[in-house]
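One letter stands for each residue in the lines below.
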Amino acid sequence: MIHLQNIRKRFRRPDGGWFDAVCDTSLSIGAGEVFGLIGFSGAGKSTLLRLINLLERPDGGAVIVAGQDLTALDAKALRRARQQLGMVFQQFNLMANRTVAGNIAFPLEIAGWSAADIASRVAECLEIVGLADRAAHYPAQLSGGQKQRVGIARALAPRPKVILADEPTSALDPKTTQSILDCLKDINQRFGVTVVIVTHEMHVVRSICHRAAVLDAGSVVEVVEVNGAEVDARSALARSLLEAA
Amino acid sequence: MEELTFAAALADLASMAPEIWQACRETALMLAVGLAAAIALGGPLGIVLYLSQPGQLFANRWVNGLLGWTVNLVRSFPFIILMVSLVPLTRLIVGSTIGPVAAAVPLSFAAIPYFARLVEQTLREIPRGVVEAAEAMGASPMQIIVKVLLNEARSGLISSLTILTISFLSYSAVAGVVGGGGIGDLAIRYGYYRFQTDVMVAMVLLLVLIVQIIQFAGNRLASRLDKR
Ligand SMILES: Nc1ncnc2c1ncn2[C@@H]1O[C@H](COP(=O)(O)OP(=O)(O)OP(=O)(O)O)[C@@H](O)[C@H]1O
Ligand SMILES: [Mg+2]
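Parameters and conventions
Residues numbered from 1 in each chain as written. Chains lettered and ligands numbered in written order. Predicted model: local features only at pLDDT ≥ 70, side-chain atom pairs only at ≥ 80, totals over all residues. Heavy atoms only, no water. UniProt positions renumbered as here; feature names shortened; annotations may be inferred. Helix = DSSP H or I, 4+ residues; strand = E, 2+ residues; numbered from the N terminus. Buried < 20%, exposed > 50% of the residue type's maximum accessible area, 1.4 Å probe, protein only. Contact = heavy atoms within 4.5 Å. Areas by Shrake-Rupley, 256 points an atom, 1.4 Å probe, with all protein chains shown as cover. Lys, Arg positive; Asp, Glu negative; His and termini not counted. Charge placed at Lys NZ, Arg CZ, Asp CG, Glu CD. Phe/Tyr/Trp six-rings, centres within 6.5 Å; stacked < 30°, edge-to-face > 60°. Lys NZ or Arg CZ within 6 Å of the ring centre and 35° of its normal. Near = heavy atom within 4 Å. Polar contact = N/O pair within 3.5 Å; in protein donor to acceptor, adjacent residues only side chain to side chain. Nonpolar A, V, L, I, M, F, W, Y, C, P; charged D, E, K, R; others polar. Buried area = accessible area lost by both parts, 1.4 Å probe. Salt bridge = Lys/Arg side-chain N within 4 Å of Asp/Glu carboxyl O. Pairing = 2+ DSSP bridges. Axes fitted to C-alpha atoms, helices over the stretch in contact; angles between N-to-C directions. Domains from an automatic or database assignment. Core = buried A, V, L, I, M, F, W, Y, C linked by side-chain atoms within 4.5 Å.

In the annotation of an unreviewed UniProt entry, the entry for chain B reads ABC transporter permease, and the organism field reads Aquitalea palustris. In its Subcellular location (unreviewed entry) section, UniProt records this for chain B: "Cell membrane".

Looking at an unreviewed UniProt entry, one finds chain A named Cell division ATP-binding protein FtsE, with Aquitalea palustris as its source organism. Entered under Function (unreviewed entry) in the UniProt record, the comment concerning chain A runs "Part of the ABC transporter FtsEX involved in cellular division. Important for assembly or stability of the septal ring." We quote the UniProt Sequence similarities (unreviewed entry) comment for chain A here in full: "Belongs to the ABC transporter superfamily."

Caption draft 1: Main features of the overall build of chain B. Check the secondary structure of chain B and you find 11 helices and zero strands. Beginning at the N terminus, the succession of helices and strands in chain B can be written as α-α-α-α-α-α-α-α-α-α-α. Along the first, second and third principal axes, the C-alpha set of chain B runs to 75 × 40 × 25 Å. Counting only residues that meet the buried cut, chain B has 47% of its 228 residues in that class. Counting only contacts in chain B whose residues sit at least 6 apart along the sequence, the fraction spanning at least 24 positions is 73%. Only carbon and sulfur atoms are counted for the fraction: they give 70% of the accessible area of chain B, which is about 11800 Å². Distance between charge centres in chain B, computed from 15 positive and 13 negative side chains, equals 11 Å.

Caption draft 2: Fine view of the UniProt feature "transmembrane region" (unreviewed entry) in chain B. Residues and elements named next belong to chain B. Feature annotation in UniProt assigns "transmembrane region" (unreviewed entry) to the following positions: residues 32-51, 63-86, 92-116, 157-179 and 199-218. Here residues 157-179 runs as 100% helix and 0% strand, with 32 Å between its end C-alpha atoms. Structurally, residues 199-218 is divided into 100% helix and 0% strand, and its ends, taken at the C-alpha atoms, are 28 Å apart.

Caption draft 3: Summary view of the packing of aromatic side chains. Across all of its chains, the model carries three aromatic pairs over all chains by this definition. Among the aromatic residues, ring-to-ring pairing joins Phe79(B), Tyr114(B), Phe168(B) and Tyr171(B) into one connected group. Lying over the aromatic face of Trp18(A), Arg10(A) brings its terminal NZ or CZ to 4.6 Å of the ring centre.

Caption draft 4: Molecular detail of the site of ligand 1. Residue and element names in this part refer to chain A. In the vicinity of ligand 1, the contacting residues are Phe11, Phe19, Ala21, Phe40, Ser41, Gly42, Ala43, Gly44, Lys45, Ser46, Thr47 and Glu167. Within the backbone of Ala43, an N or O atom sits 3.2 Å from an oxygen atom of ligand 1. Within the complex, 60% of the 630 Å² of free accessible area of ligand 1 lies under protein. At the level of elements, β2 (18-29) and α1 (45-52) are the ones that each hand at least two residues to the shell around ligand 1. Among the elements that take part in the shell around ligand 1, α1 stands out by supplying three residues, more than any other. Here the shell around ligand 1 is composed, by residue class, of five nonpolar, five polar and two charged.

Caption draft 5: Local environment of the interface of chain A and chain B. Chain A puts 22 residues into the contact, and the matching count from chain B is 22 residues. In total, about 2000 Å² of surface goes out of reach between chain A and chain B, with carbon and sulfur atoms giving 58% of it. Together, Arg79(A), Asn97(A) and Ile110(A) form the three largest contributors to the area buried by chain A at its contact with chain B, with a combined 31%. For the interface between chain A and chain B, the tally reads two salt bridges. With a closest N to O distance of 2.5 Å, Glu109(A) and Lys147(B) form a salt bridge. Across the contact surface, chain A and chain B share eight residue pairs in polar contact (both at pLDDT 80 or more). Of all elements in the fold, only α2 (75-82), β6 (85-88) and α3 (100-110) of chain A reach the threshold of two or more residues within the side of chain A that touches chain B.

Caption draft 6: Seen up close, the UniProt feature "domain: ABC transmembrane type-1" (unreviewed entry) in chain B. Under the UniProt annotation, the feature "domain: ABC transmembrane type-1" (unreviewed entry) is placed at residues 24-218 of chain B. With 85% helix and 0% strand, residues 24-218 of chain B has end C-alpha atoms that lie 20 Å from one another.

Caption draft 7: Broad picture of the sheet that holds β6(A). All names here are of chain A. Ordered in space as β6-β7-β8-β3-β9-β10-β11, the seven strands form an open sheet in which the pairing is mixed. Two strands bound the open sheet, and with one partner strand each, they are β6 and β11 (230-232). The average angle at which neighbouring strand axes cross in this sheet is 20°, direction not considered. Sheet analysis places strand β7 (residues 162-166) next to strand β8 (residues 194-199), joined by five bridges and oriented parallel. Within β8, the position partnered with Asp166 by the bridge is Val198.

Caption draft 8: Summary view of the domain arrangement of chain A. Residue and element names in this part refer to chain A. Parsing chain A into structural domains produces domain 1 (2-84 + 161-244) and domain 2 (94-159). Each of domain 1 and domain 2 has a C-alpha centre, and these two points are 24 Å apart. Summed over both sides, the interface between domain 1 and domain 2 buries roughly 1100 Å², with carbon and sulfur atoms accounting for 70% of that surface. Run the count over domain 1 and domain 2 and you get zero salt bridges. Our count for the contact surface shared by domain 1 and domain 2 stands at two residue pairs in polar contact (both at pLDDT 80 or more). Looking at the side of domain 1 that touches domain 2, the element that brings in the most residues is helix α6 (residues 174-191), giving eight residues. Its residues placed into classes, the side of domain 1 that touches domain 2 shows nine nonpolar, four polar and two charged.

Caption draft 9: The arrangement of the nonpolar core in detail. Counting 72 residues, the largest nonpolar core has Leu37(A), Leu48(A), Leu70(A), Leu149(B) and Leu164(B) as the members making the most contacts within it. Ranked by residues supplied to this core, first place goes to helix α6 (residues 100-124) of chain B with nine residues. Counting only domains with at least three residues in this core, you end up with domain 1 (2-84 + 161-244) and domain 2 (94-159) of chain A. Counting residues in each nonpolar core, the second largest holds 49 residues, with Ile163(A), Cys183(A), Leu184(A) and Ala212(A) among its members.

Set out below in structure tokens:
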């Protein structure tokens, strides 16, 4: 579903030099997989995730999603491709002046759906994330966990093939974290949506990922298989991350 | 004695009612034109100023620098000097340099960069992540501006417009004195040149009242629109 081929990304440092955030990385993520990106802070997890929907443009390499090289698309085609890629954020990033329903409707308005289709899809998504009774509330009236459910419903609304999640539970308490993870897992299983999730918590990897890439200094050190609580890790880094959990 | 003066003042004002009404209409006209120009031209200018900042959708150091510099330039002119230096332009556009329509030209000229800065500041308060989320969902720049930026900033924009209106009520008094007419002009003409203090006091009270009403309405609308 997602193929990153030899992608590179560097940022300008304040001193004028360059900082390699992602160096020559290749990664393949299968359809229907829940794939983790783990590593310590600054390892380049968020950058790698943002390269998948081209929020960051790679300096080299190809980003192939559902058979389409996103780096080759013009602005309009890229916008259309992005509608197939939902994104969930650590800080939720909901629109404060739109109701819950309005937030979930947003990507559908963007995609040009009819009002009737939007209304029924929004209701459906509210049901999926368990917020049917909150449709008319504003984000300010919700708890963190509820806000993230709205974030997930919004990402899910246009029936994307992939959902990208950048530390979706890092702003939440452990109990809420589990319920959000269950929600993502449920969506993955019911709709076959591929999920790529950035996290620094091993617990997250154990509870929902099928596989995970361990990142360090902009490179993939190892891709580990996850079978429930069993994580088959070889690299020292992966082991130290495991122990930290 | 005192009652007599008060009664006399009232009678005086009553006899001037048509003139006062005329002054109100002139002030309203000057403000309406100035505010319309500010919204129609200053608004988009403010959006461009914001979007061309580093890290924003259309980050462009040169565009941002040039526009920022121009806005500062116009804003650094004391209003009265701006007004005098714009006399040729006013004559070109309106065909005359007196009357409320002519006064509206320098008012607009000052209001555009002023409002542009207010809009820019207001838009800056929107969390970057919200705009990024819209980008990630495939929103076009126009959709981001209308559906995200303007909608998320709507209450701040109303507050900015309130500030602008009140500032320009006072600017319009200055413009009025040099031939624009309006409430401020009436106050000066009677109060200052003809020593009719009662007229001046009444006009100032009228301005105080108008400012309070504008501020009250602006606050009400802004807080109703704010769901944060
Ligand atoms: N826009 C940017 N400009 C400059 N440097 C950046 C930019 N974005 C990221 N970086 C740098 O790239 C490196 C990787 O950042 P990234 O956000 O991908 O890390 P991360 O693994 O997600 O870390 P965290 O767990 O703290 O979120 C960091 O050193 C960061 O400072
Ligand atoms: Mg990160």
